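Each chain is listed here by its residues.
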Amino acid sequence: MDRIRIVGGQPLKGRIPISGAKNATLPLMIASLLTDEPLVLENVPRLADVALLQRILGNHGVDVMVGGKRPGDGEYDGQTLHISAKRIVDTTAPYDLVSRMRASFWVIAPLVARMGEAKVSLPGGCAIGTRPVDLLLMALRNLGAEIEIDGGYVLARAPHGLRGGEIVFPKVTVSGTHTALMGAVLAKGATVIENAACEPEIADVADCLVKMGARIKGAGTPRIEIEGVARLDGTRHRVLADRIETGTYAMAVAMTGGDVMLDGARPELLQAALDVLVEAGVEIAATNEGLRVQRNGAGIAPVTVTTAPFPGFPTDLQAQLMALMTRAKGTSRITETIFENRFMHVQELARFGADIRLDGETATIAGVPRLKGAPVMATDLRASVSLVIAALVAEGETLVNRVYHLDRGFERLEDKLSACGAEIERISG
Ligand code: EPU
C-alpha cells in the first residue's frame, strides 16, 4: 500500500488547479442511466471513486469511454467521459461493489425510473456514522415504488413507471435529494420536494438533467418542482469546481503561511468556509482566475464553528479546519451536526501533539505552539487530508498510511502541493 511522506515547515507558494467536484461527478455519472443516449461529462477528476463507479455502471451494461488528451490540454485538465447506457442489461447492484462506495446505492433511482425495477445491496457500515438510507426509500415510495428488503438487498419495483408525488424530507439529505430528483424526472406527473438539500452539486446535477430534457424548477433551493417527462436525451456537461478541494487547499495555505492562487475555484460555492478563514486571519481575494489565499506574518486566530447543510460550513471541511485550529493562538470549538461519528481524525491529530477534547458532538481545540511529525493513518477521505494539513507544519517527518483514502477524493494531491514548495512524496508499495 502506498504511503505519503511529508517533512513540514515550508510555506506554500504558487498555483494549484482545482479539479472537478467528486460529489457532482458521481451523481452525474449515475444520471447517465436515465437515458439511452450518450452523456458526455467534461472536467471529470481522476479519482479512485470515479474509476470504481465506472466498474459499477459497467455491470449494468453501461459503456464508459475515456477521451484522450486534446491539443492545448494541460496536465491537470480533467478527463472527458463518454457514457452510454443504451441497453441496461442488469438491474442488480451487488454487495461487493456497493459496499465499497456508498454513493453507488444511488443507482436505485434511475434504474427503477427507467427499467421499472432495481435490486441494490444495502451499503452497510461506514466509517463516519451509521448513514441509513431510510429517506431515500421514503422518496421512492412517495413516487409510487414498492420497496422490499430481502437478504440485505433493497428491491424497488414500479412496473408501470414511477408517478409524481410530494416528498417532504424531515432532515436535509443530499443523497435523498439526488434520489428524489432522479426518480421524479421520469415519473408521470408533477413532484414537489420540500426541505431539499441546496448543495451546489444538486444544482449541477439538475442543470445537466435540464439539458437532457428534464423539467425542473428550484434546484439549489429548499423547494424543487419537477414535471416528469417520458424520456430524456443525451447531452454534454462540464462538472463544476470542487468546493471541498478548494477549501482544503485554502486551509493548507492558512496552516503553512504563503500565497497560493487556486485556479478555477469558485468562491461563492464555499463562502461560509472562506468567512471562517478570514476570521482566522487569512487573506482571501476572489479574482477572475479563481481564489487567492495568503497568510503572511499574522498567527492563526481561534474560531467557533458548527457544521450545517449548504450554505452553512460543510462537514466535509470539518476535519481540515480542526487540523488548522491545532495551531491557533487560543481555543477553538467545532461542532459536527451532520454525521454523528465524524471525529476519527481527533486521535490521529493527537499523535502530532495536538490538544483536542471531545465532548459529544463538540471538539474543543487548544492551540499548541508546534506540532511534531508522526506516523499516522485515517479511515476516511477528509480525515486523511486533515493529517496532511497538520504534517505540512509539523517538525520533522510524517508518514501518512492508507493513502487510498486520499486517492478516492483528491486528484494528485502530492503533485499539487509539491509544485507549491511542500516537501511531500508518495512512497509506493
Ligand atoms: N440520513 C438519514 N437517512 C437517509 C439519508 C441520510 O438519516 O436516508 C442522514 C445521514 O446519516 C446524515 C445526514 O442525513 O446524518 C446527511 O446525509 P446526506 O444524505 O446529506 O449525505 P450523503 O448524501 O450520504 C453526501 C456527500 C458526503 C457529504 C454529505 C453531506 C456524496 C457522494 N457524499 O453524502 O461527502 O459529507 O453529502 O454534505 O455526495 C465526502 O465526500 O467525503 C463525503 C462524505
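Residues numbered from 1 in each chain as written. Predicted model: local features only at pLDDT ≥ 70, side-chain atom pairs only at ≥ 80, totals over all residues. Heavy atoms only, no water.

A.B. asks: If you had to explain helix H2 (residues 48-59) to someone new, which residues and values would you point to?
C.D. replies: Between its first and last C-alpha, H2 extends 17 Å over twelve residues, near the 16 Å set by a 1.5 Å rise per residue. Among the residues of H2, those classed as buried are Asp-49, Val-50, Leu-52, Leu-53, Ile-56 and Leu-57. Viewed along the axis of H2, the buried residues span an arc of 160 degrees, placing them on a single side of the element. In the core, the buried residues of H2 are packed alongside helix H1 (22-31), strand S3 (39-44), strand S5 (79-84), helix H3 (95-98) and helix H13 (404-409). In the stretch just after H2, Gly-61 is the one whose phi turns positive, near 100 degrees. (Helix = DSSP H or I, 4+ residues; strand = E, 2+ residues; numbered from the N terminus. Expected span 1.5 Å × (residues − 1). Buried < 20%, exposed > 50% of the residue type's maximum accessible area, 1.4 Å probe, protein only. Arc of directions from axis to C-beta. Contact = heavy atoms within 4.5 Å.)

A.B. asks: Describe the site of the ligand, and please don't skip the residues or the numbers.
C.D. replies: As a structural note, the neighbourhood of the ligand is formed by 23 residues, with Asp-134, Leu-135, Ser-175, Asp-316 and Ile-338 the closest of them. In the model, an oxygen atom of the ligand is placed 2.7 Å from a nitrogen or oxygen of the Thr-173 side chain. In the environment of the ligand, an oxygen atom lies 2.7 Å from a nitrogen or oxygen atom belonging to the backbone of Val-174. In the complex, 90% of the free accessible area of the ligand, which totals 840 Å², lies under the protein chains. Listing elements by their share of the shell around the ligand, those giving two or more residues are H1, helix H5 (134-142), helix H6 (174-184) and helix H12 (381-391). When residues in the shell around the ligand are grouped by element, the largest group, three residues, is from H5. Class assignment of the residues belonging to the shell around the ligand gives a composition of twelve nonpolar, four polar and seven charged. (Near = heavy atom within 4 Å. Polar contact = N/O pair within 3.5 Å; in protein donor to acceptor, adjacent residues only side chain to side chain. Areas by Shrake-Rupley, 256 points an atom, 1.4 Å probe, with all protein chains shown as cover. Nonpolar A, V, L, I, M, F, W, Y, C, P; charged D, E, K, R; others polar.)

A.B. asks: Let's hear about the environment of Gly-409: which residues, and what values?
C.D. replies: Within the secondary structure layout, Gly-409 lies in helix H13. With a relative accessible area of 5%, Gly-409 lands in the buried category.

A.B. asks: Tell me about the packing of H1 against helix H7 (residues 200-211), residues and numbers included.
C.D. replies: With their axes 9 Å apart at the nearest point, H1 and H7 run at an angle of 30 degrees to one another. One way to sum up the angle between H1 and H7 is to call them roughly parallel. Considering the relative orientation of H1 and H7, their crossing is right-handed. On H7, the residues touching Asn-23, Ala-24, Pro-27, Leu-28 and Ala-31 of H1 are Glu-201, Asp-204, Val-205, Cys-208 and Leu-209. Each residue belonging to the contact of H1 with H7 can be placed in one class, and the counts come to seven nonpolar, one polar and two charged. (Axes fitted to C-alpha atoms, helices over the stretch in contact; angles between N-to-C directions. Parallel < 35°, antiparallel > 145°, perpendicular 65-115°, else oblique. Left-handed = near helix turned anticlockwise from the far one by under 90°.)

A.B. asks: Report on the sheet that holds strand S22 (residues 375-377), specifying residues and quantitative values.
C.D. replies: With mixed pairing, four strands are arranged side by side in an open sheet as S22-S23-S1-S24. For this open sheet the edge positions go to S22 and strand S24 (423-427), each flanked by a neighbour on one side alone. Neighbouring strand axes in the sheet, compared pairwise and without regard to direction, differ in orientation by 25 degrees on average. Set on the sheet, H12 makes contact with strand S1 (3-7), S22, strand S23 (397-401) and S24; between it and S1 the angle comes to about 25 degrees. (Pairing = 2+ DSSP bridges.)

A.B. asks: Residue-level account of the packing of helix H8 (residues 243-256) against H12, with values.
C.D. replies: For the pair H8 and H12, interaxial distance at closest approach is 9 Å and the crossing angle is 25 degrees. For the element pair H8 / H12, the angle class is roughly parallel. As H8 runs across H12, the sense of the crossing is right-handed. Contacts between H8 and H12 involve Ile-244, Thr-248, Met-251, Ala-252 and Met-255 on the former and, on the latter, Arg-382, Val-385, Ile-389 and Ala-390.

A.B. asks: Give a detailed account of the state of the cysteines, specifying residues and quantitative values.
C.D. replies: Scanning the entire structure with this criterion turns up zero disulfides. Here Cys-198 stays free of any disulfide, with the sulfur of Cys-208 as its closest cysteine sulfur at 20 Å. (Disulfide = S-S within 2.5 Å.)

A.B. asks: Please set out the pattern of salt bridges residue by residue, giving values where relevant.
C.D. replies: This model, assessed by the stated rule, comprises 26 salt bridges. Its salt-bridge partner being Glu-37, residue Arg-231 comes within 3.9 Å of it at the nearest N-O pair. With Arg-231 in the loop between strand S13 (223-227) and strand S14 (235-238) and Glu-37 in the loop between H1 and S3, the pair connects residues that are 194 residues apart, well separated along the chain. Taking the relative accessible area as the measure of exposure, Glu-37 reaches 33% and is therefore partly exposed. Across the salt bridge formed by Glu-414 and Arg-426, the nearest N and O atoms sit 2.7 Å from each other. Pair noted here: Glu-414 is in helix H14 (residues 413-418) and Arg-426 is in strand S24, with a separation of twelve residues, a long-range link. Take Glu-414: its relative accessible area is 12%, and that puts it in the buried class. (Salt bridge = Lys/Arg side-chain N within 4 Å of Asp/Glu carboxyl O.)

A.B. asks: Got a sec to walk through unusual backbone geometry? Specific residues and values, please.
C.D. replies: Here the bond from Phe-310 into Pro-311 is cis, since omega is 10 degrees, no more than 30 degrees from zero. Tracing the chain through its elements places Pro-311 in the loop between strand S18 (304-306) and helix H10 (318-325). Of note in the backbone geometry, Arg-412 takes a positive phi value of approximately 45 degrees without being a glycine. Here Arg-412 shows up in the loop between H13 and H14. According to the relative accessible area criterion, Arg-412 is partly exposed, its value standing at 30%.

A.B. asks: Tell me about the sheet that holds strand S4 (residues 63-66), and please be specific about residues and values.
C.D. replies: One open sheet holds the four strands; their spatial order is S4-S5-S3-S14, and the pairing between them is mixed. Looking at strand neighbours, the two that pair on one side only are S4 and S14, the edges of this open sheet. Averaged over all pairs of adjacent strands, the angle between strand axes in this sheet comes to 20 degrees, irrespective of strand direction. In the sheet, S4 pairs with S5 via four bridges, with the strands oriented antiparallel. Pairing of Asp-63 across the sheet is with Ser-84, part of S5. Set on the sheet, H1 makes contact with S3, S5 and S14; between it and S3 the angle comes to about 170 degrees. The strands that H2 touches are S3, S4 and S5; relative to S5, the one it contacts most, it runs at about 15 degrees.

A.B. asks: Account for the side chain of Glu-411, naming residues and giving values.
C.D. replies: Among the secondary structure elements, Glu-411 is positioned in the loop between H13 and H14. Engagement of the side chain of Glu-411 in a polar contact is seen with the side chain of Ser-19, the distance being 2.8 Å. Excluding its chain neighbours within four sequence positions, the residues that come into contact with Glu-411 are Ser-19, Pro-45, Arg-46, Leu-47, Glu-245 and Lys-416.

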